[in-house]
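Breakdown of the fold
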Amino acid sequence: MRTGVPASEQTSCAKGDPHAYCPENTGGTEAVQVTDCQNPEESRPQNEQGYSNPQDFGQLMASYEGKAKGYQVPPFGWRICLAHEFAEKRKPFNANNVSLSNLMKHLGMGLRYLQWWYRKTQVEKKTPFIDLINSVPLRQIYGCPLGGIGGGTITRGWRGQFCRWQLNPGMYQHQTVIADQFTVCLRRKGQTVYQQVLSVEHPSVLHSWNWGLCGYFAFYHALYPRAWTVYQLPGQNVTLTCRQITPILPHDYQDSSLPVGVFVWDVENEGDEALDVSIMFSMRNGLGGEDDAPGGLWNEPFCLERDGETVQGLLLHHPTPPNPYTMAVAARLTADTMVTHLTAFDPDSAGQQVWQDLLQDGQLDSLAGQSPPSQKGVGIAGAVCVMGKLPPRGQRRLEFSLAWDMPRIMFGAKGQVYYRRYTRFFGPDGDAAPTLSHYALCRYADWEERISAWQSPVLDDRSLPAWYKSALFNELYFLADGGTVWLEVPEDCLRKELVGSMCQLRPLLREYGRFGYLEGQEYRMYNTYDVHFYASFALVMLWPKLELSLQYDMALATLREDLAQQRYLMSGIIAPVKRRNVVPHDVGDPDDEPWLRVNAYVVHDTADWKDLNLKFVLQVYRDYYLTGDHCFLRDMWPVCLAVMESEMKFDKDQDGLIENGGYADQTYDGWVTTGPSAYCGGLWLAAVAVMVKMAVLCGAQEVQDKFSSILSRGQEAYERLLWNGRYYNYDCSSQPQSYSIIIMSDQCAGQWFLRASGLGEGDSEVFPTPHVVRALQTIFEFNVQGFAGGAMGAVNGMQPHGVPDRSSVQSDEVWVGVVYGLAATMIQEGLTWEGFQTAEGCYRTVWERLGLAFQTPEAYCQQQVFRSLAYMRPLSIWAMQLALQQQQQHKKAPGPITKQDTGLSTRPKLGPKEAVANPSPECTS
C-alpha cells in the first residue's frame, strides 16, 4: 500500500474527474514562512521566557500552503502537513548491522534462534515473541490511537488512514484499510459542487471515488488523547476541523477502559453563500484479511434514543472465532442534522454505487433491515452520513463515534476466557456497541473538560519548552496502544495459598482488575519487568491502582515456580522456566496463555539476572511513597524479603556489593557485564537502602540492622572499585581496560529511584552527591554533547576518549526511555537545563526527523537503523514530570508533596512513616 504521494499529484485538484468539483483558482495562498527547528545546543535554559513562545513546528509544516488554523486547535502538540515527506528512511536493525566481532560472539545464539524460530513458525504455527526475521518495516504514517485502556486500539494515521489494529489482545495487524474513510460533500442551491475523499491516497480499489486530496492545504495536530485534522478546501471557502477524542482520563477506572473514539467535525463556512455539508464515514467490516475470508459477516442499522438523545448508525458484526466482535459506526442526530446510512457495499469494487448515492443529494439511501451475510472471499462495508446546513459565515458541528464490542477474549493458546474491564459497566453479552456509541457521543464533552483540566497546568506553564509538552502527553499513547489488556479477575483464579498473606490483593484485583501491556509491539511479552521499571512512572502517577494491581500480579508470579525445563538461546543451557522467589522477566506471551505461563522470554535464564529483584524492591517503595498505601507496603514486605534473600548469592565475596556474572545479565541483554558494575551495583545499593527504610516502617529491627550493615560495606566497595574521579566505571572486567571504563549513560539509575522516592539525599544519602553530580556532568559532556553533535540524546556507552563504545550490539545505541530517565535524574540533581537538552535530542530525532511518531522505538543508532518500534520504556518521560513537580515542591517549602491537577498521584499529607506506623484496621494481621 502506497503511503506517500508525489508532489505532482498532491498539487493537483483532480481536474478532469467527472465526480470532482474543484475551482480553477486555488486562492493564491502564499507559503507560510517557517524557521528551522531549533538545535538543542542552541536552546536557552528552560526557565527563560523564550519557552513561552508559540511552538515552532519546523520542517514538518514547511509544506503547508493553507491559511486555515482550524477550529480550537491548541498551540502545543505534534503538528505535520499532510503533504510532508520525511527525507530520512531508516531500516529495522538486523544481522547485517552487527559487526563481525559481535557476530562471532553471538554465532551460537544465532543458530539456536534460527532453530527455535523455525519450530515456532513452521511446526507450532505460532508467531515468535520476538521475530528477528520479519521485523515491522518503517511506515512513517501513524497518529493518535483510538480506544481506551485495555479494550483494543485502532490507530488512525496522520494522513487519515486507519492503519494499525489491535483488536485481538496483544496481536497487531499493520494494515491500511482503504474503505475506512471520511468523505465530504458540499452542496449549494441544491447542487453538489464538491465531493472529496479526505485522503491523499490513490488506491486501486474504489476508483470511482475522488481520491488524491491536496495535502498541501491540510495538517494534522496531535496532543494525546486528542488529535485535530484541519482541511482547507481550496476554492470552497470552507474549513473542516476533525477532532478525534479518546477517553484517556487519569484516575478514572471506568470511562478510561472504553473501546470507543469520537470524531467531532466543525465545519466553517467562510463564504457569503449558504451551504449544505455532508460528512460520510465509511468502514469495512473487518480488515480484508484471512479473518474475513470465510464470510458470514453482516451489517445492520440501529437507532438508540435515550435521555432525549438519539444516536443512529450501523452495526458491523464480525463473528469469526475465537474473539468475535461488533463494530459500531454511529452519528448523533440533532435538530440541525440528518443522519442516513448505506447498510452494505463491496469495498473491493469500484465503489460507484455509494459514490453516486452521496453525490446525488448529500445523503445515503438508508434502506431498512440487515444485510445478507457476506460470501466466502467477498468483503462487505457500510457507511453513515451526517448532513447539516451552514448559513453564510456560519459553523456547523457533525458528530461521529466508532465503538467496538469484543467483550470475551481468549489469548493464543485458547485455554481460558477473559472478560474485558469495560464489561463491568456495559455487560459481557456482545450487544453493547449501540450503548457504547450513545454513551461516547453524549459524554465526550465531559471527557474533554477533564482532559483539559489535567493537561492545562502543563500546557500553560511558561517555563516548560514546547517540545516537552508534546512529548509528555503524546508518549502516553503506549499505555493504551501497547497491546494493552485490562481484564476482570474471576474469584476462582486467585490461589488461596499465595493470596493469604496479602490482605489487599484479592479486593484490589477484584475491584480494579488485571492490567497488562507489552514490552513493545514487536517484543511481545506482557509486563516485562526490567523495562516497566522505567515506564512505570506514567502508570503510578496517572492510574496508581493499575500500578498496584500489576505489582500484586508480579508478587504472585514471584512466589510461584515452573520447573519445566527449556533451552535458553544465548547460552544454550537448559534450566527451569521459573524459579521460586525470583521476579519473572514477564508474565507471558499473548499468543500463549499469559499469567498462567510466565517468562515468554527465552533468550537468557533471567533467574540469574541481577536487576529484576532489585527493581521490584525499588518500585514497591516508590509506589508506596507516591500513593501512601500502607496496606500495599505491608503486603509486599515479605516478598521483598524473599527476593532480596535470593539476590544475596550474587555477593560472592561478602563485601556488601553484588557482582555481575560475566554475561549480559540485566536489562542490557546484549551487553556483557562482569564483576561489580555501576548499573547493577547502584541498583543493589539503592534497594538495600530501601530495605532499611521499609524495615524501620515495618518495625523489623533485626532486618534493619542486617541491611544497614550490608549498605555500609557496599557503599565503601562501590566507591573504591568503581569511582574514578569523574564517573563510575561500567564494571570491573578483566578485559582490556577500555571495556571497564566505558561511560554508561544509565549508571545513576539507583540514585534516580531513590530521589523519586524521597530518599538519596541528606540523612538517606547513599551515593555521595558530589559524585552523582560529577558523573551526570560527565555523561552530558561525553554521551550527549559528544555524540551526534548533541542532537540525538545520550548514547548508552561512550569511551573516555570520545568515541561511542562498540564492544556490544547495544552500547552504541540510544535507548529513548533510558534517556528520559537520565534527564529526570539530572533534573533531580539540579541540572535542569542539561536534562531538557538531553531529552530534547530524542524527541527531535524520533518525532521530527525519523518519522516515528506514535511508534517510539526502544533504540536507534547514530545512522541507518532503529530497533523495536512502539516500545514501553519511553513512558519514563513521566519521571521528568515527577522530578519537576518535586523540584517545585521543594522550592516552596519542605514537607509532604500535595496532589496536583497535572495527574500526579504524589505523596499524601500523611507521611509514609506515620502511615505505616498507624495502619488501618483492615491491614492488621
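Predicted model, so just to flag it, every value in this text is computed and none were measured.

Moving on: the overall build of the protein chain. From N to C terminus, the protein chain includes 23 helices and 32 strands. For the protein chain, the residues scored as buried account for 65% of the 925 residues in total. Long-range pairs, those at least 24 residues apart, make up 71% of the contacts in the protein chain between residues at least 6 apart in sequence. Accessible surface computed for the protein chain: about 31400 Å², of which carbon and sulfur atoms make up 50%.

Scanning all chains against the criterion turns up 44 salt bridges. Residue R397 is joined to D266 by a salt bridge in which the shortest nitrogen-to-oxygen separation is 2.8 Å. With R397 in strand β19 (residues 395–405) and D266 in strand β12 (residues 260–269), this pair connects stretches of sequence that are 131 residues apart. Relative accessible area serves as the criterion here: at 31%, R397 is assigned to the partly exposed category. Classification of D266 as buried rests on a relative accessible area of 0%.

Taken together, L100, L103, M104, L107, L111, L114 and I133 make up a surface patch of nonpolar side chains, about 690 Å² in accessible area. Its location among the elements puts L103 in helix α2 (residues 100–105). Judged by its relative accessible area of 37%, L103 falls in the partly exposed class.

Counted by the stated rule, this structure contains 60 aromatic pairs. Consider the rings of F473 and W878, whose centres lie 6.0 Å apart with planes at 70°: the pair is edge-to-face. With F473 in helix α7 (residues 466–474) and W878 in helix α22 (residues 877–892), the pair connects residues that are 405 residues apart, well separated along the chain. Here F473 matches W878 in class, with each residue buried. By the ring-pair criterion, three or more aromatic residues cluster together here, those being W78, Y220, W467, Y468, Y477, F478, F515, Y517, F836, Y843, W847 and F854. In this arrangement the basic side chain of R164 is found over the ring face of Y142, its NZ or CZ atom lying 4.3 Å from the centre. The positively charged end of R622 is found above the aromatic ring belonging to F537, 4.6 Å away from the centroid.

Right, let's get into the pairing of β12. Across the 10 residues of β12, nine count as buried, placing the element largely inside the fold. The sheet contact formed by strand β11 (residues 238–245) and β12 spans eight bridges and is antiparallel. Within β12, the position partnered with L240 by the bridge is V267. Alignment of β12 against β19, held across nine bridges, turns out to be antiparallel. Bridge pairing in β19 links D266 to R397.

The mixed open sheet is built from four strands, whose spatial order is β2-β32-β31-β30. The sheet terminates laterally at β2 (91–92) and β30 (814–815), the two strands that pair on one side only. Bridge count for β2 against strand β32 (residues 865–867) is two bridges, and the pairing is parallel. Looking at the pairing, P92 lines up with F866 of β32.

Let us now look at the sheet that holds strand β3 (residues 145–146). Ordered by their spatial adjacency, four strands build an open sheet running β3-β4-β5-β6, and the pairing between neighbours is antiparallel. Taken across any chain shown, the strands that pair with only one partner, and hence form the sheet edges, are β3 and β6 (173–174).

Bringing the environment of C503 into the picture now. Mapped onto the elements, C503 comes out in the loop between α9 (496–499) and α10 (505–512). Sequence-wise, C503 and D635 are 132 residues apart; in three dimensions their C-alpha atoms are separated by 6.6 Å.

Okay, the pairing of strand β8 (residues 191–197) next. By the criterion of burial, β8 is predominantly enclosed, with five of the seven residues buried. Here six bridges tie strand β7 (residues 181–188) to β8, and the two strands are oriented antiparallel to one another. The residue of β8 that forms the bridge with T183 is V197. Hairpin connection of β7 to β8: two residues between the antiparallel strands, including K189 at a positive phi of 55°.

On to the nonpolar core. Judged by nonpolar contacts, the single largest core of 287 residues is most densely connected at W78, W265, L402, F616 and W878. A total of 16 residues in this core trace back to one element, the largest contributor, which is helix α15 (residues 678–697).

Right, let's get into the packing of helix α20 (residues 816–828) against α22. Packing of α20 against α22 leaves a shortest axis separation of 7 Å and a crossing angle of 10°. Judged on the interaxial angle alone, α22 and α20 are roughly parallel. Facing α20, whose interface residues are Y820, A823, A824, I827 and Q828, α22 presents I877, A879, M880, A883, L884 and Q887. Its residues assigned to classes, the contact of α20 with α22 shows nine nonpolar, two polar and no charged.

This brings us to unusual backbone geometry. The omega angle of the peptide bond from Y224 to P225 is 15°, so this bond is cis rather than trans. Mapped onto the elements, P225 comes out in the loop between β9 (218–223) and β10 (226–233). A cis geometry characterises the amide bond from P321 onward to P322, with omega recorded as 5°. On the secondary structure map, P322 appears in the loop between β15 (309–318) and β16 (325–333).

Rules and cut-offs
Residues numbered from 1 in each chain as written. Predicted model: local features only at pLDDT ≥ 70, side-chain atom pairs only at ≥ 80, totals over all residues. Heavy atoms only, no water. Helix = DSSP H or I, 4+ residues; strand = E, 2+ residues; numbered from the N terminus. Buried < 20%, exposed > 50% of the residue type's maximum accessible area, 1.4 Å probe, protein only. Contact = heavy atoms within 4.5 Å. Areas by Shrake-Rupley, 256 points an atom, 1.4 Å probe, with all protein chains shown as cover. Salt bridge = Lys/Arg side-chain N within 4 Å of Asp/Glu carboxyl O. Patch = residues over 30% accessible without salt bridge, like charges linked within 9 Å, V, L, I, M, F, W, Y side chains within 5 Å. Phe/Tyr/Trp six-rings, centres within 6.5 Å; stacked < 30°, edge-to-face > 60°. Lys NZ or Arg CZ within 6 Å of the ring centre and 35° of its normal. Pairing = 2+ DSSP bridges. Core = buried A, V, L, I, M, F, W, Y, C linked by side-chain atoms within 4.5 Å. Axes fitted to C-alpha atoms, helices over the stretch in contact; angles between N-to-C directions. Parallel < 35°, antiparallel > 145°, perpendicular 65-115°, else oblique. Nonpolar A, V, L, I, M, F, W, Y, C, P; charged D, E, K, R; others polar.

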